[in-house]
Amino acid sequence: MNRSDPPVVEPAEAHEDGTSLLPELIEYLRQHRTELRKEWVRRITDADLLRVMTPEEIFSEVTAVYDNYVDTLKTGSVETLQDYARDLSERIIPRGVETHEVLGIVLLLRDVLARSLFVKYQHDSDLLNRILDAYEPAANRIAVTVGVSFVEERERVIREQQEAIRELSTPVLQVRDRLLILPIIGVLDSQRARQLMEQLLAAIQTNRAKVVVIDITGVATIDVGVANHLVQTVEASRLMGASAIITGLSSKIAQTLVDLGVDLGMMRTVGDLQGGLEEAERLIGVKAKERHSVAGPEA
Amino acid sequence: MPVAIVRQGDYLIASVQSDLSDNEVLRLRDDLAERVGQLRLRGIIIDVGALDVIDSFVARSLRSIAVTARLRGADTVVVGIQPDVAIAMVQFRLNLEPLQAALDLDEALVVLDRSAHGEGEDGA
């Protein structure tokens, strides 16, 4: 125990060396820029990463990443690298570059550089250790920064697209006085089903709709949850004084609903949209006639 | 009592002004049932546009108003259910059968006129 006192000084020395070692490391990376870059590109190609990009593109991106990497080691600030990584992600995400490729590439650079440090300092294991002490935390931080930037950018794109799809896909259209159509296309999940219901009810109120035609020709499959949402939408419409007609049930969906035992007895269904509109006009026509016939005596 | 009841021809219009306590709901039901027979009415319109919530008790009371009124010779229509209220009701599986619902007073009058015509002159 008492022997452990003197060596305590050593790490302090090493630390001092470590701070002075970083510039040396950076200088080394600058000087060997060309060959290390080449080695990195070779490893990327060998690993079969970034197949959607041409070799020239890979090389120019690799150069930029390499320079940013060295800069980050020098300044210790990841902000520039972060900006670059985000910008890079924005360019490569639409081309289908995957998360595992980006992480793989960053880790490859880390390996390439570490390997070259091994080669350079292999005769002096003590110095090598201290060089690695200086290199590893910085390198790990860089790898994390690039990976996280990529994933964040990807999530942002996905969120935007989800938003866009949601807005695009739920129009409520007025066909004629007091008649609305709600064409549903694509996948219905519970969030979207609820949004549809809200939009439809608001539209019933503002347009004073009497009949609503819900067309599900564009819905491929249906499950219990979605079927129940449809039933709820029909019932809520009725509470607002509007009749709902469901059209475009494919034979597959019809069979599914029967198999699931969903009670659609309360729902008015018609084979296709044309039939649905005819039925709707008939309903409105009947009602309009009644309205005319009673308007006089009541007033 | 936060319900204004006015008579319009053969119909009675009950406009609910604010959320009702359970007692007030029961009083409304008895009140309406009483008047239907007295005034020989053919229809009741209940406007619930001011309600933020229709819970199971109110829904059941509305239904029982409708059934009672039907036995006394009048149809009942509920009007003015707000979209949010409608969504909440279907999610809690509350329904108003055999009550009819209409968007507003105009629509309710149309509905009542139609059932009066359809069912003949016995009420008149």
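Since this is a predicted model, take the numbers as computed values, not measurements.

### What about the overall build of chain B?
Right, so step 1: Looking only at helices and strands, one finds four helices and five strands in chain B.
Right, so step 2: Helices and strands appear in chain B in the N-to-C order β-β-α-β-α-β-α-β-α.
Right, so step 3: Within chain B, the proportion of its 124 residues that are buried is 40%.

### Side note on the sheet that holds strand β5 (residues 268–270) of chain A
All names here are of chain A.
Right, so step 1: Here five strands make up an open sheet; going across it, the order is β1-β2-β3-β4-β5 and the pairing mixed. The strands lining the two open edges of the sheet, one partner per strand, are β1 (173–176) and β5. Across the sheet, the axes of successive neighbouring strands diverge by a mean angle of 30°, strand direction being ignored.
Right, so step 2: Where helix α7 (residues 190–207) meets the sheet, it contacts β1, β2 (179–185) and β3 (211–218), and its direction lies at approximately 165° from that of β2.

### Some remarks on the packing of helix α2 (residues 33–46) of chain A against helix α3 (residues 55–75) of chain A
Residue and element names in this part refer to chain A.
Right, so step 1: Between α2 and α3, the least distance of the axes is 10 Å, while the angle of their chain directions is 125°. Considering the angle they form, α2 stands oblique to α3. Note that α2 runs across α3; the crossing there is right-handed. The segment α2 lies against α3, with R33, R37, W40, V41 and I44 engaging I58, F59, V62, T63 and Y66.

### Some points on the interface of chain B and chain A
Right, so step 1: With 17 residues of chain B at the contact, the number on the chain A side is 18 residues.
Right, so step 2: Top contributing element to the side of chain B that touches chain A by residue count: helix α3 (residues 83–91) of chain B, with six residues.

### A short note on helix α4 (residues 79–92) of chain A
Residue and element names in this part refer to chain A.
Right, so step 1: With 14 residues, α4 should reach 20 Å at 1.5 Å per residue; the first-to-last C-alpha distance of 20 Å fits that figure.
Right, so step 2: L81, Y84, A85, L88, S89 and I92 are the residues of α4 that are buried. The buried residues of α4 occupy an angular sector of 140° when the element is viewed end-on, so they sit on one face. Projecting away from the buried face of α4 at angles above 90 degrees are the exposed residues E79, T80 and D83.

### Points about the packing of helix α1 (residues 22–39) of chain B against helix α2 (residues 56–71) of chain B
Residue and element names in this part refer to chain B.
Right, so step 1: Orientation of α1 relative to α2, taken along the N-to-C sense of each, is 10°, at an axis distance of 9 Å. One element, α1, and the other, α2, form an angle in the roughly parallel class. For the pair α1 and α2, the contacting residues are D22, V25, R29, L32, A33 and V36 in the first and F57, V58, S61, S64, I65, T68 and A69 in the second.
Right, so step 2: Looking at the contact of α1 with α2 residue by residue, the class counts come to eight nonpolar, three polar and two charged.

### Considerations on the pairing of β1(A)
All names here are of chain A.
Right, so step 1: Here three bridges tie β1 to β2, and the two strands are oriented antiparallel to one another. Each residue of the ladder has a partner; that of L173, found in β2, is I181.
Right, so step 2: In sequence, β1 turns back onto β2 through a hairpin of two residues, with R178 there showing a positive phi of about 70°.

### Re the confidence of the model for chain B
Interpretation of this model should avoid reading the predicted coordinates in detail wherever pLDDT is low.
Right, so step 1: On average, residues of chain B carry a pLDDT of 85, and 94% of them reach 70 or more.
Right, so step 2: Note on residues 119–124 of chain B: pLDDT under 50 across the span, and three contacts to partners over four residues away in sequence or across chains.

### Digging into the confidence of the model for chain A
Right, so step 1: On average, residues of chain A score 82 in pLDDT, and 88% of them reach the 70 mark or higher.
Right, so step 2: Of the regions scoring below 50 in pLDDT, residues 1–18 of chain A engages in five contacts with residues more than four places distant in sequence or in other chains.

### Brief notes about the sheet that holds strand β5 (residues 100–102) of chain B
Residues and elements named next belong to chain B.
Right, so step 1: With mixed pairing, the five strands of this open sheet are ordered in space as β1-β2-β3-β4-β5. With one partner strand each, in any of the chains shown, β1 (3–8) and β5 form the two edges of the open sheet. Each strand axis lies, on average, 25° off the axis of its neighbour in the sheet, ignoring direction.
Right, so step 2: Sheet topology note: the β1/strand β2 (residues 11–16) ladder contains six bridges and is antiparallel. Residue Q8 lies in a different strand from β2, and its bridge partner there is Y11.

What counts, and where the lines are drawn
- Residues numbered from 1 in each chain as written.
- Chains lettered and ligands numbered in written order.
- Predicted model: local features only at pLDDT ≥ 70, side-chain atom pairs only at ≥ 80, totals over all residues.
- Helix = DSSP H or I, 4+ residues; strand = E, 2+ residues; numbered from the N terminus.
- Buried ≥ 20, exposed ≤ 12 C-beta atoms within 10 Å, placed from the backbone.
- Pairing = 2+ DSSP bridges.
- Axes fitted to C-alpha atoms, helices over the stretch in contact; angles between N-to-C directions.
- Contact = placed C-beta atoms within 7 Å.
- Parallel < 35°, antiparallel > 145°, perpendicular 65-115°, else oblique.
- Left-handed = near helix turned anticlockwise from the far one by under 90°.
- Expected span 1.5 Å × (residues − 1).
- Arc of directions from axis to C-beta.
- Nonpolar A, V, L, I, M, F, W, Y, C, P; charged D, E, K, R; others polar.
- pLDDT = per-residue confidence, 0-100.

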